[in-house]
Amino acid sequence: MSLKPKVALSQDFLLQLSKLPSSVPSKVMKWAIQFQSDPTSPGINYENIHSARDANLKSVRIDRDWRGIVFKPQRGDVYVLL
């Protein structure tokens, strides 16, 4: 049996989210639901961040215009949306 992944939020995430355009928070929530259903979905569109100090930091597609940064663990099921 496979557990569904969990999405954790960084400390500043909600504060920063409230500063974005009003349409973005609902898109982030939609992304989180999709991600928890299937983190391997092609729609997640993981991309490496070439200048990142940690290879576990990935860029993910929120929508056509917005991307999120996720800490993707090497093991376990807790992903942190930064």
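Above this note sits the structure.
Read on for a plain summary of the structure.

Points about the pairing of strand E5 (residues 78–81)
- Of the two faces of E5, only the one carrying Tyr 79 and Leu 81 is buried; Val 78 and Val 80 on the other face are not.
- Here 2 bridges tie strand E4 (residues 67–71) to E5, and the two strands are oriented antiparallel to one another. Across the sheet, Phe 71 pairs through a bridge with Val 80, a residue of E5.
- Counting the residues in the hairpin turn of E4 and E5 gives 6 residues, including Gly 76, whose phi is positive at 95°.

Considering the nonpolar core
- Formed by 13 residues in total, the largest nonpolar core has its most connected members in Val 28, Trp 31, Val 70 and Leu 81.
- Of all the secondary structure elements, the ones that give two or more residues to this core are helix H1 (13–17), helix H2 (24–37) and E5.
- Here this core takes 5 residues from H2, the largest share from any one element.
- Contacts of Val 28, omitting those with residues within four sequence positions, involve Phe 13, Leu 17, Ile 62 and Leu 81.

Cut-offs applied
- Residues numbered from 1 in each chain as written.
- Predicted model: local features only at pLDDT ≥ 70, side-chain atom pairs only at ≥ 80, totals over all residues.
- Heavy atoms only, no water.
- Buried < 20%, exposed > 50% of the residue type's maximum accessible area, 1.4 Å probe, protein only.
- Helix = DSSP H or I, 4+ residues; strand = E, 2+ residues; numbered from the N terminus.
- Pairing = 2+ DSSP bridges.
- Core = buried A, V, L, I, M, F, W, Y, C linked by side-chain atoms within 4.5 Å.
- Contact = heavy atoms within 4.5 Å.

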